[in-house]
Amino acid sequence: MNVVILAAGIGRRMKSHFPKVLHQICGKPMICYVLDAIQCFEDSRIIVVVPPNSSEIKNTIIQSNNQKRKPKFVVQRRALGTGDAIKSALPVIKDSAPTLILFGDVPLLTKKSLTNFINRFKTGEAISILTTKLKNPKGYGRVIRGEKKEILAIREETDASVKEKRIMEIYAGPMIIRTKFLKHTISEIQQDNQQSEFYLTDLVEKAAEKKLNLNSYELKDADEILGVNTTKQKLEAERILIKKKILLCLNKGLQIKNPDNFTLRGDIKFKTNVTVDAGCIFEGEINLGKNVKIGAYSILRNVVIGDNVCIEPYSYIEESHIKKNSIVGPFARLRNGVLVGEQCRIGNFVEIKNSTIKTGTKASHLSYIGDAEIGKNVNIGAGAITCNYDGQKKHKTKIEDDVFVGSNTSLVAPIKIKKGATIGAGSCITIDAPAKSLNVGRAKQTTIKNWKKN
Ligand code: UD1
Ligand code: CA
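In this report, we go over the structure that sits alongside the text. Everything quoted here is computed from the prediction, not taken from an experiment.

**Comments concerning the overall build of the protein chain**
Here is step 1 of the chain: A count of helices and strands for the protein chain gives eight helices and 36 strands.
Here is step 2 of the chain: Counting only C-alpha atoms, the protein chain reaches 105 × 55 × 45 Å along its principal axes.
Here is step 3 of the chain: Out of the 454 residues belonging to the protein chain, those deemed buried represent 50%.
Here is step 4 of the chain: Considering only intrachain contacts with a sequence separation of at least 6, the fraction spanning at least 24 residues in the protein chain is 41%.
Here is step 5 of the chain: One finds the centroid of the 73 positive side-chain charges in the protein chain at a distance of 5 Å from the centroid of its 45 negative side-chain charges.

As C-alpha cells, this is what we get:
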C-alpha cells in the first residue's frame, strides 16, 4: 500500500505561526500520532506531503524515535487544497498498490480502526471513505447519498446547502483509492467552490459519475475522527485522549482519587495498589512500583518510582529515579537526573538536581543539593546547601557515608566530605573534611554580658 499523509496546509484557523501538524496533544506532535498508527502497516511506502521550507516538520518526524521506517517527504509548493496536495505525491506512489490518504490533523484515529477500514477495501472498488455520524457535524464534509444510500459526493461545509448541512454523516479524512484511478482523475478536479481550492473529496463525485464502485466504513467512536483545525479542537483532542488513558488505568486497577482532576499526558506503567491523589499531572514515561502513593497536586515527568514510595503532596519530580521505601515531599523538587536510594527521606522545600543519594540518607527540610554524590545514612540538616556554581562552571560535591551536615551549612564545591565527618551548623566549608573529623567553619560567637541597648 502507498500511504500518503497530507501535512502541507497553512492551518490558518489555528491562528499560530507554528505548523499545525506540529501542535502537540499530550506532549506529542499531532503528525506523530498519525505516523504511529500506521507503523504496523508493513510493506507500505509512507509519504508525507509538507510545505516548502518545512525542516521543522521533517526534523520532528525523523527524530521521533517510534519511526521504524523513515517516510519519504514531498513538497506541495502552494497550499491550494487537499486535492492539490495529493498531486505532489503522485510521482512517488506505485500504481500497482492502492493508496491510503490520511490527514496530519486527525490524530486520534487508532491502529485498530484504520486496520479495520483497510481490510474492508476490496480490489474492485475505486474509493472507500471512512465516515462517522456526528450530532454536530459543523465544519466537516458531509456524505451525500442517493435514494439507495449509494454515495454520490462529499460536500464541504462552505459549499453545502441548508438541507445538506443537516446531514450528520461526515467524511472523517481517511480515504483508500485505487492508485490508477487517482492518477487519471485528479486532473479533472477544479477549484470551482467557495474556497477556490482543489478538493480531494471531489474525487468521490467523479467516481460516482463514472459509476465506479464506492464504499464507506462507518466508525462508531466519533471521538477518534476529531479533526484539529482550531485551538479549541486541540484542547478537545487532548481531553479525549486523557480520558481514554485514565479509563485504561482505572480498568487496570490504578486508584485515581479524582479522575476528573488528573492530567495524564504521558504513558504510565504501574504495579498493584498504586494511588494517585487529585490534581496530579503526569508527563512522559512514568513507572510506578507497588504500593506507591502520589500525593495531591504533584507533577511527575519521566520518572521511575520504586515499591512503597510515598510522594507527598505538591512535589515536582522530573527525570528522576526514586528507589523503594523512600519518602519524598511535600513540596520537593527533583530534576535533571536524580537517583534517590532506598529508605531515603527528602522533605519539604528540598531541591535536588543531577545528584545521587544512597540508602537511608535524609534531607528533611529546606536544602539545595546540586551536582552531588551523597553516600549512605547521611544527614543533611535544614537549610544546608551545595554551592555548586562559581559563576562560570558547575562543581561537584562528594559526601561519603555516615556524614552529618549541620543546619544552614554552605558546602563550597568542588569539595569532599569524607566518611563519618561532622560539619557544625552554620559552617561555610571550603576545605575537604577528613574522615571522622569535626569541622566548624563559622565566626566565633561574641557574648557581651549585661549589655544595655541605650
Ligand atoms: C477536510 C476535508 C473534509 C473532512 C475533514 C476531516 C477536504 C476538501 N475536506 O477538511 O471533507 O470532513 O478534512 O477532518 O479535503 N493540506 C495540505 N495542503 C493543502 C491543504 C491541506 O497538505 O493545500 C493538509 C492539511 O495540512 C491537513 C489536511 O490536509 O492536515 C486537511 O486539510 P484541512 O484544511 O484541515 O481540511 P478540512 O477543512 O479540515
Ligand atoms: Ca482539518
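Having seen the model, we can carry on.
**Description of the environment of D277**
Here is step 1 of the chain: Mapped onto the elements of the fold, D277 is located in the loop between β15 (275-276) and β16 (281-288).
Here is step 2 of the chain: Between the alpha carbons of D277 and F262 there is a distance of 8.2 Å; along the sequence they are 15 residues apart.
Here is step 3 of the chain: Dropping the residues within four chain positions of it, D277 is found in contact with K257, I294, G295 and A296.

**A closer look at the site of ligand 1**
Here is step 1 of the chain: Taken together, 24 residues sit near ligand 1, with A8, Q76, G81, E156 and Y171 positioned nearest.
Here is step 2 of the chain: L6 places a polar main-chain atom, nitrogen or oxygen, 2.9 Å from an oxygen atom of ligand 1.
Here is step 3 of the chain: Between ligand 1 and E156 there is a distance of 2.7 Å, counted from an oxygen atom to a side-chain nitrogen or oxygen.
Here is step 4 of the chain: Computed on the free molecule, ligand 1 has an accessible area of 760 Å², of which 93% lies beneath the protein chains in the complex.
Here is step 5 of the chain: Residue assignment for the shell around ligand 1 shows that the elements contributing at least two residues are α3 (82-89) and β10 (169-177).
Here is step 6 of the chain: Residue classes in the shell around ligand 1 are distributed as twelve nonpolar, eight polar and four charged.

Rules of the game
- Residues numbered from 1 in each chain as written.
- Chains lettered and ligands numbered in written order.
- Predicted model: local features only at pLDDT ≥ 70, side-chain atom pairs only at ≥ 80, totals over all residues.
- Heavy atoms only, no water.
- Helix = DSSP H or I, 4+ residues; strand = E, 2+ residues; numbered from the N terminus.
- Buried < 20%, exposed > 50% of the residue type's maximum accessible area, 1.4 Å probe, protein only.
- Contact = heavy atoms within 4.5 Å.
- Lys, Arg positive; Asp, Glu negative; His and termini not counted.
- Charge placed at Lys NZ, Arg CZ, Asp CG, Glu CD.
- Near = heavy atom within 4 Å.
- Polar contact = N/O pair within 3.5 Å; in protein donor to acceptor, adjacent residues only side chain to side chain.
- Areas by Shrake-Rupley, 256 points an atom, 1.4 Å probe, with all protein chains shown as cover.
- Nonpolar A, V, L, I, M, F, W, Y, C, P; charged D, E, K, R; others polar.

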